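Notes for the structure review
Listed here are the chains, written in short residue letters.
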Amino acid sequence: MPNASSFKPFTLALIQLGSIGPNKAENLRHAREMILKAALGSVATKKPDLIVLPECFNSPYGHVHFPVYAEKIGFSPGADYDVVVSPSDSVKMLSSAAKEVRAWVIGGSIPERDIADDTKVYNTCTVYNPDGELVAMHRKVHLFDIDIPGKIKFKESETLTGGTSLNYFDTDFARIGLGICYDIRFPEMAIIAARKGCHVLVYPGAFNMTTGPLHWELLQRSRAVDNQVFMSMCSPARDLSAGYHAWGHSMVVDPMGRVLGEAGEGEEIVYSDIEPSALESARAGIPVTKQRRFDVYSDVSAQ
Ligand SMILES: O=C(O)CCC(=O)C(=O)O
């Protein structure tokens, strides 16, 4: 169970990034500019402690693009993160931006080429502390392979390899669980993260115009209520001139399932103040965390 004392109020900023085009250098320049802007905070909130970018922010979204834009990051989840030898362009930008604004940054995701096996590309989220150190990463575990006839067909597995680990990291204000987009459809991941003490789950994502309207909010509110945690997904802005039309609506949900913040469709920064008391009162009032019947069914987190 999370240690309540390690969970402190903090401000979260989601960057619903627009103008993601074919020019990677331009995508990185714009993402950096938006991190600096997000760091200023809004009139209603203080300077954010944690800034989040969307899934696949440095390249157009599509399985054909992933190998072209892939970068070698240089280490694996669970490794000693000091072993980064030569940071990639995206890692350099994210690290220096985090250091410049003195905030935690969840760098959405980028296509990552395996350092040891050139044939493997992952969809990878990297995380930086306010000193600009790369402290965690998550490779999308569940690849987005769907086929809804007449609506949407997508097959990430044509060019991507799925990650093999579940990941979270500790800040001075919360334990934060990571996932990427389609990972949210697999409740076991969120259950395990919550039982390992995560207070907040952050999944960079990019739902689409078919599944977005039906499932984007529903899935986030479900994971939040099931696990009595804060849940947040950060999307790219919708761009109807791009090959993939993202749903947008970057969102933050509290442990009772209330939507604390939601973007529209365009480029926007959503700020939310995260209050630990909302988690504590949800768990005290509806004590499911103490009522589980592991004598009747098994605990998926007990592995
Ligand atoms: O699950 C969905 O409907 C969308 C998932 C997705 O877009 C992704 O994993 O990138």
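Read on for a plain summary of the structure. Worth saying up front: this structure is predicted, and the values here are computed from it rather than measured.

**A word on the overall build of the protein chain**
- Counting secondary structure elements, the protein chain contains six helices and 15 strands.
- At 18 Å, the protein chain has a C-alpha radius of gyration in line with the 19 Å of a compact globule built from 303 residues.
- Counting only C-alpha atoms, the protein chain reaches 50 × 45 × 40 Å along its principal axes.
- Out of the 303 residues in the protein chain, the part that is buried amounts to 55%.
- Here the protein chain has roughly 12,600 Å² of accessible surface; of this, 54% comes from carbon and sulfur atoms.
- Considering the protein chain, the positive charge centre built from 30 side chains and the negative charge centre built from 36 side chains are found 3 Å apart.

**Some remarks on the nonpolar core**
- Phe10, Leu50, Ile106, Ile176 and Val200 are the most contacted members of the largest nonpolar core, which has 46 residues in total.
- Beyond its immediate chain neighbours, meaning those up to four positions away, Phe10 contacts Lys46, Asp49, Leu50, Phe173, Ala174, Val200, Ser272, Asp273 and Ile274.
- Counting residues in each nonpolar core, the second largest holds 27 residues, with Leu17, Ile73, Leu94 and Ile110 among its members.

**Quick notes on the site of the ligand**
- Around the ligand, a shell composed of Glu55, Tyr61, Lys140, Phe144, Cys181, Tyr182, Arg185, Ala206, Phe207, Asn208, Thr211 and Tyr244 is seen.
- Ala206 places a polar main-chain atom, nitrogen or oxygen, 2.8 Å from an oxygen atom of the ligand.
- Contact distances for the ligand include 2.6 Å between an oxygen atom and a side-chain N or O atom of Thr211.
- The protein chains hide 99% of the 290 Å² of surface that the ligand would expose on its own.

**Remarks on helix H3 (residues 89-101)**
- The end-to-end C-alpha distance of H3, which contains 13 residues, comes to 18 Å, matching closely the 18 Å that a straight helix rising 1.5 Å per residue would cover.
- Turning to H3, its buried residues number three or more, namely Ser90, Val91, Met93, Leu94, Ala97, Ala98 and Val101. With its buried residues spanning 165° around the axis, H3 presents them on a single face.
- The inward-facing, buried residues of H3 contact helix H1 (24-38), strand E2 (50-52), strand E3 (104-106), strand E4 (110-113), strand E5 (121-128) and strand E6 (134-139).
- Positive backbone phi, at 55°, marks Arg102, one or two positions downstream of H3.

**With respect to the pairing of strand E9 (residues 167-170)**
- Only one face of E9 is covered, namely the face carrying Asn167 and Phe169; the face carrying Tyr168 and Asp170 is uncovered.
- With four bridges joining them, E9 and strand E10 (residues 175-178) adopt antiparallel strand pairing. By the bridge assignment for E10, Phe169 is matched with Ile176.
- Between the end of E9 and the start of E10, which pair antiparallel, lie four residues.

**Describing the state of the cysteines**
- Summed over the entire model, instances satisfying the criterion amount to zero disulfides.
- In this structure Cys125 is a free cysteine whose sulfur lies 10 Å from that of Cys234, the closest cysteine sulfur available.

**Topic: the environment of Ile176**
- With respect to the helices, strands and loops of the structure, Ile176 is situated in strand E10.
- Judged by its relative accessible area of 0%, Ile176 falls in the buried class.
- As for Ile176 and Leu201, which are separated by 25 residues in sequence, their C-alpha atoms are 5.6 Å apart.
- For Ile176, the residues in contact, after removing those within four places along its chain, are Leu50, Ile106, Tyr168, Phe169, Thr171, Cys198, Val200 and Val202.

**Quick word on the packing of H1 against H3**
- The N-to-C vectors of H1 and H3 enclose an angle of 15°; their axes lie 10 Å apart at closest approach. Taken as axis vectors, H1 and H3 run roughly parallel relative to one another. Crossing handedness for the pair H1 and H3: right-handed. For the pair H1 and H3, the contacting residues are Leu28, Ala31, Arg32, Ile35 and Leu36 in the first and Asp89, Ser90, Met93, Leu94, Ser96, Ala97, Glu100 and Val101 in the second.

**Looking at the packing of aromatic side chains**
- Taken as a whole and judged by the stated rule, the model has 12 aromatic pairs.
- These aromatic residues form a ring-pair network of at least three members: Tyr61, Phe66, Phe144, Phe154, Tyr182, Phe186 and Tyr244.
- Note that Arg139 overlies the ring of Tyr122, its terminal NZ or CZ placed 3.9 Å from the centroid.

**Comments concerning the pattern of salt bridges**
- By the definition in use, this model includes 18 salt bridges.
- Residues Asp49 and Lys46 are paired through a salt bridge, measuring 2.7 Å at the closest nitrogen-oxygen approach.
- Among the salt bridges present, the one from Arg221 reaches Glu217, with a minimum N-O distance of 3.2 Å. With Arg221 and Glu217 both in helix H5 (residues 211-227), this residue pair falls four residues apart, about one helical turn.
- The exposure class of Arg221 is partly exposed, given its relative accessible area of 37%.
- Exposure remark for Glu217: the relative accessible area of 30% places this residue in the partly exposed category.
- Residues participating in the shared-partner salt-bridge network are Glu26, Arg29 and Glu33.

Rules used throughout
Residues numbered from 1 in each chain as written. Predicted model: local features only at pLDDT ≥ 70, side-chain atom pairs only at ≥ 80, totals over all residues. Heavy atoms only, no water. Helix = DSSP H or I, 4+ residues; strand = E, 2+ residues; numbered from the N terminus. Rg over C-alpha atoms; globule rule 2.2 N^0.38 Å. Buried < 20%, exposed > 50% of the residue type's maximum accessible area, 1.4 Å probe, protein only. Areas by Shrake-Rupley, 256 points an atom, 1.4 Å probe, with all protein chains shown as cover. Lys, Arg positive; Asp, Glu negative; His and termini not counted. Charge placed at Lys NZ, Arg CZ, Asp CG, Glu CD. Core = buried A, V, L, I, M, F, W, Y, C linked by side-chain atoms within 4.5 Å. Contact = heavy atoms within 4.5 Å. Near = heavy atom within 4 Å. Polar contact = N/O pair within 3.5 Å; in protein donor to acceptor, adjacent residues only side chain to side chain. Expected span 1.5 Å × (residues − 1). Arc of directions from axis to C-beta. Pairing = 2+ DSSP bridges. Disulfide = S-S within 2.5 Å. Axes fitted to C-alpha atoms, helices over the stretch in contact; angles between N-to-C directions. Parallel < 35°, antiparallel > 145°, perpendicular 65-115°, else oblique. Left-handed = near helix turned anticlockwise from the far one by under 90°. Phe/Tyr/Trp six-rings, centres within 6.5 Å; stacked < 30°, edge-to-face > 60°. Lys NZ or Arg CZ within 6 Å of the ring centre and 35° of its normal. Salt bridge = Lys/Arg side-chain N within 4 Å of Asp/Glu carboxyl O.

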